[in-house]
Number of protein chains: 2
Amino acid sequence: MITTDVIDPPGIQALSKHARVFSTTALDEAALNQLLPSIDILLVFFWPSFLTPENLSRMSNLRLVQSILAGVNHIPFAQLDKKVVVCSNAGAYSDEVAEYAWSLLLSAAKRIVDFHNAVKTDQWTLRRTLDGKEVTILEEKTLGILGYGGIGSAVARIGKEFSMKIYAFSREPVREKGVRSFQGDKGLLRVLAQSDAVIVSLPLTKFTNKIIDADKLATMRKDAILVNIARGELVDETALYEHLKTNPDFRYAADVWWYREGRESLKTLHPFFELSNFIGTPHVSGPSGLATGKPVKFAVANVLRFLRGLKPKTIVDPAEYLVTDRQEY
Amino acid sequence: MITTDVIDPPGIQALSKHARVFSTTALDEAALNQLLPSIDILLVFFWPSFLTPENLSRMSNLRLVQSILAGVNHIPFAQLDKKVVVCSNAGAYSDEVAEYAWSLLLSAAKRIVDFHNAVKTDQWTLRRTLDGKEVTILEEKTLGILGYGGIGSAVARIGKEFSMKIYAFSREPVREKGVRSFQGDKGLLRVLAQSDAVIVSLPLTKFTNKIIDADKLATMRKDAILVNIARGELVDETALYEHLKTNPDFRYAADVWWYREGRESLKTLHPFFELSNFIGTPHVSGPSGLATGKPVKFAVANVLRFLRGLKPKTIVDPAEYLVTDRQEY
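Some remarks on the overall build of chain A
Line of reasoning, step 1. A count of helical and extended segments in chain A gives ten helices and 14 strands.
Line of reasoning, step 2. Relative to the 2.2 N^0.38 estimate, which gives 20 Å for 329 residues, the radius of gyration of chain A is 21 Å and therefore close to what a compact globule would have.
Line of reasoning, step 3. If you line up chain A on its principal axes, its C-alpha atoms span 65 × 45 × 35 Å.
Line of reasoning, step 4. Counting the 329 residues in chain A, one finds 59% classified as buried.
Line of reasoning, step 5. For chain A, the share of sequence-separated contacts (at least 6 apart) that also reach a separation of at least 24 residues comes to 63%.
Line of reasoning, step 6. Only carbon and sulfur atoms are counted for the fraction: they give 51% of the accessible area of chain A, which is about 13800 Å².

If you want it as structure tokens, here you go:
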């Protein structure tokens, strides 16, 4: 197998009991080219540039691609043989990203950035509301969660302690105390229309691409809070900008961005930062942002399942993913 | 009785069954002066300016002062007869302020203000750490809570769901699953030394005034987060500024401010906003900032207990409070 990033020594050690492990950083191009036809498994973080369509076509032995990133929308499904199993790393970042989702939701609800900057730049008055806009109390309000996987359910657990009603939109019904479950297009519209705050924790697939468009935004409460910790492209960029401009009480807080030339980018089509109802951070929610720690442990454990002849977890359906040139940078 | 602020009609109605209720806004000075000697009860938000020491000395019938603010450090205890019972409104703001405490703690942990402003002003890079400073993961970390009343215990409830260890510093031992209880000076030092994040939710008394001073700050972890949603004066202003300057990984986030000429004020002795490890908001944590809604209901219910001959809740000990000219504005 090949690992394309620095895996910690215990991970390499565990894998080496079942496979010959090569790290791309230790190989030159000639050595890599010679190895490719014999490689069974790829353990990848961002998609490595040397795995061009041409090189991929030479990897006739490839059977498993395990992502260290939670999502797999950066995997070039169109260029993979049908026998290749692709596994996401869903769950590996759940608790950390759920913490981050709550930091964005609460920052937006309490207008922390706005108030901080207002006190910093003005002679502000204590206890004054901000241009008439008050802090939002979450207690007894409704929290919509789009995508009820590891992150979504971790977000819900906290929401219950804030005495919020939880509405979950997901593929499979959620049977959990304190959670109302919604499916399908109608279910999504109901969650959006009835929620005071919505957290987007969906994978980016061809079905979820721009799932939050102008029509969906129009169904939401005028003072709702929309939090995106999944993928920027789940939300239509131009529709969102127009919506924020015309609905100053609506708030959007995100750690994830739209794609420019196939990669996530901080370059936006519109001047979002001029709007006080926008909070944006540079995709820092995951643990340390590096291929170390918990996400690597999760991914290595899943590869070990495969090496031991067990069915790996978090297998994704290639048919759901876009034929795309999008990359996580 | 006299209510010094606009109480909602249901509150006035409930009180009127047991007392003659006068609202200060409906009385001129002459009428007020005539009434004062017969008044039994004061229901006050901020301390009213007409209740000067001289006027107070004429209120020989006064038996109860009920605060609508949670704290009572603005009550002129020195000028009240010993027979007057003073009640705080502890608990009335607990859930709202606990939400706010979490918004400050998570904003500081995830450096939301910092990252947002960095992306806004720079050509920032995705997933880059901020001058080498990463987001703080709260899971499995220790949360110290100073003052385990309504706010403190509400903060703890959420902390447990974030899988944090809870250390409570309080007067009385806390017997609660998942909470380690500490008392006394030594207990306080242990909580400060061992916590990754500390939330201050103490009342401001003569014992807690500047309880977080230079020595206490020095015992804390270099990368700890200190959140103050109680009263600015619980923390020594100059000691804090020096500590933040010399410990860039230490973070302070507060909704409350120090006193200038007897009133809470946004005017600080030092330029806190020049520091990226400081977050400050203008005392907006409470519900709507006005004397309406839940806090009023709480206060009215307590006055009703008194009027029915029951012992009111949240009676405070005047001996604990400073002889002070401090006012909540």
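Topic: the sheet that holds strand β14 (residues 278-280) of chain B
All names here are of chain B.
Line of reasoning, step 1. If you trace the seven strands from one edge of the open sheet to the other, you get β8-β7-β6-β9-β10-β11-β14, paired in parallel fashion. Among the strands making up the open sheet, the edge pair consists of β8 (179-182) and β14. Across the sheet, the axes of successive neighbouring strands diverge by a mean angle of 15°, strand direction being ignored.
Line of reasoning, step 2. In the sheet, strand β6 (residues 142-146) pairs with strand β7 (residues 165-169) via five bridges, with the strands oriented parallel. By the bridge assignment for β7, I145 is matched with A168.
Line of reasoning, step 3. Where helix α7 (residues 184-194) meets the sheet, its contacts fall on β6, β7, β8 and β9 (197-200), and the angle it forms with β7 comes to roughly 150°.

Let's talk about the nonpolar core
Proteins that are soluble and globular tend to have nonpolar side chains buried together.
Line of reasoning, step 1. With 196 residues, the main nonpolar core has A:W102, A:L143, A:L146, B:W102, B:L143 and B:L146 as its most contacted residues.
Line of reasoning, step 2. The residues touching B:W102, leaving out its near neighbours within four places in the chain, are A:L106, A:F162, B:L138, B:L143, B:V155, B:I158, B:G159, B:F162 and B:M164.
Line of reasoning, step 3. Counting residues in each nonpolar core, the second largest holds 23 residues, with A:I39, A:L51, A:L56 and A:L80 among its members.

Overview of the packing of helix α4 (residues 94-110) of chain A against helix α6 (residues 150-161) of chain A
Angle between the axes and distance between the axes: these two values describe a pair of packed helices.
Residue and element names in this part refer to chain A.
Line of reasoning, step 1. Running from N to C, α4 and α6 point in directions that differ by 50°, and their axes come no closer than 8 Å. By the angle class used here, α4 and α6 are oblique. In this structure, the crossing between α4 and α6 has a hand that is right-handed. Contacts from S94, D95, V97, A98, A101 and W102 of α4 reach α6 at G150, I151, A154, V155, R157, I158 and G159.
Line of reasoning, step 2. Its residues assigned to classes, the contact of α4 with α6 comprises eight nonpolar, three polar and two charged.

Digging into the interface of chain A and chain B
Line of reasoning, step 1. Taken residue by residue, the interface counts 51 residues in chain A and 52 residues in chain B.
Line of reasoning, step 2. Buried surface at the junction of chain A and chain B, summed over both partners, amounts to about 5100 Å²; 65% is from carbon and sulfur atoms.
Line of reasoning, step 3. Broken down residue by residue, the surface that chain A buries against chain B is led by A:E99, A:L126 and A:R127, which jointly contribute 18%.
Line of reasoning, step 4. On inspection of chain A and its partner chain B, the count reaches six salt bridges.

A look at the environment of A:T136
Line of reasoning, step 1. Considering the arrangement of structural elements, one finds A:T136 in the loop between α5 (112-121) and β6 (142-146).
Line of reasoning, step 2. Given the relative accessible area of 17%, A:T136 is considered buried.
Line of reasoning, step 3. Sequence spacing of A:T136 and A:V155 is 19 residues, and the spatial spacing of their C-alpha atoms is 18 Å.
Line of reasoning, step 4. Excluding anything up to four places from it in sequence, A:T136 contacts A:A109, A:K110, A:K141, A:I225, A:R251 and B:E99.
Line of reasoning, step 5. For A:T136, the side chain forms a polar contact with the side chain of A:R251, separated by 3.0 Å.

Observations concerning the environment of B:L310
Line of reasoning, step 1. Summarising the element assignment, B:L310 is placed in the segment after α10 (294-307).
Line of reasoning, step 2. C-alpha of B:L310 to C-alpha of B:P76: the two residues are 234 residues apart in sequence and 25 Å apart in space.

Quick notes on the relation of the copies chain A and chain B
Line of reasoning, step 1. Overlay of chain A on chain B (RMSD 0.1 Å): rotation 180°, translation along the axis 0.0 Å. Each copy turns onto its partner about a two-fold axis. Considering only C-alpha atoms, the part of chain A nearest the rotation axis is A:V113, at 2.6 Å.

A few points about the sheet that holds strand β2 (residues 22-23) of chain A
Residue and element names in this part refer to chain A.
Line of reasoning, step 1. The strand order across the open sheet built from five strands is β2-β1-β3-β4-β5, with neighbouring strands paired in parallel fashion. On the outer flanks of this sheet lie β2 and β5 (85-87), each paired with one strand and no other.
Line of reasoning, step 2. Pairing between strand β1 (residues 2-3) and strand β3 (residues 41-44): two bridges, direction parallel. Looking at β3, one finds that I2 is bridged to L42.

Structural notes on the pairing of strand β4 (residues 64-67) of chain A
Residue and element names in this part refer to chain A.
Line of reasoning, step 1. Taking every second residue as pointing to the same face, both faces of β4 are buried, with L64 and Q66 on one and V65 and S67 on the other.
Line of reasoning, step 2. Bridge analysis of β3 against β4 gives four bridges, and the strand direction is parallel. When the bridges of β4 are listed, I41 appears paired with L64.
Line of reasoning, step 3. Bridging between β4 and β5 involves three bridges; their strand directions are parallel.

Rules used throughout
Residues numbered from 1 in each chain as written. Chains lettered and ligands numbered in written order. Predicted model: local features only at pLDDT ≥ 70, side-chain atom pairs only at ≥ 80, totals over all residues. Heavy atoms only, no water. Helix = DSSP H or I, 4+ residues; strand = E, 2+ residues; numbered from the N terminus. Rg over C-alpha atoms; globule rule 2.2 N^0.38 Å. Buried < 20%, exposed > 50% of the residue type's maximum accessible area, 1.4 Å probe, protein only. Contact = heavy atoms within 4.5 Å. Areas by Shrake-Rupley, 256 points an atom, 1.4 Å probe, with all protein chains shown as cover. Pairing = 2+ DSSP bridges. Axes fitted to C-alpha atoms, helices over the stretch in contact; angles between N-to-C directions. Core = buried A, V, L, I, M, F, W, Y, C linked by side-chain atoms within 4.5 Å. Parallel < 35°, antiparallel > 145°, perpendicular 65-115°, else oblique. Left-handed = near helix turned anticlockwise from the far one by under 90°. Nonpolar A, V, L, I, M, F, W, Y, C, P; charged D, E, K, R; others polar. Buried area = accessible area lost by both parts, 1.4 Å probe. Salt bridge = Lys/Arg side-chain N within 4 Å of Asp/Glu carboxyl O. Polar contact = N/O pair within 3.5 Å; in protein donor to acceptor, adjacent residues only side chain to side chain. Least-squares fit on C-alpha atoms with pLDDT ≥ 70 in both.

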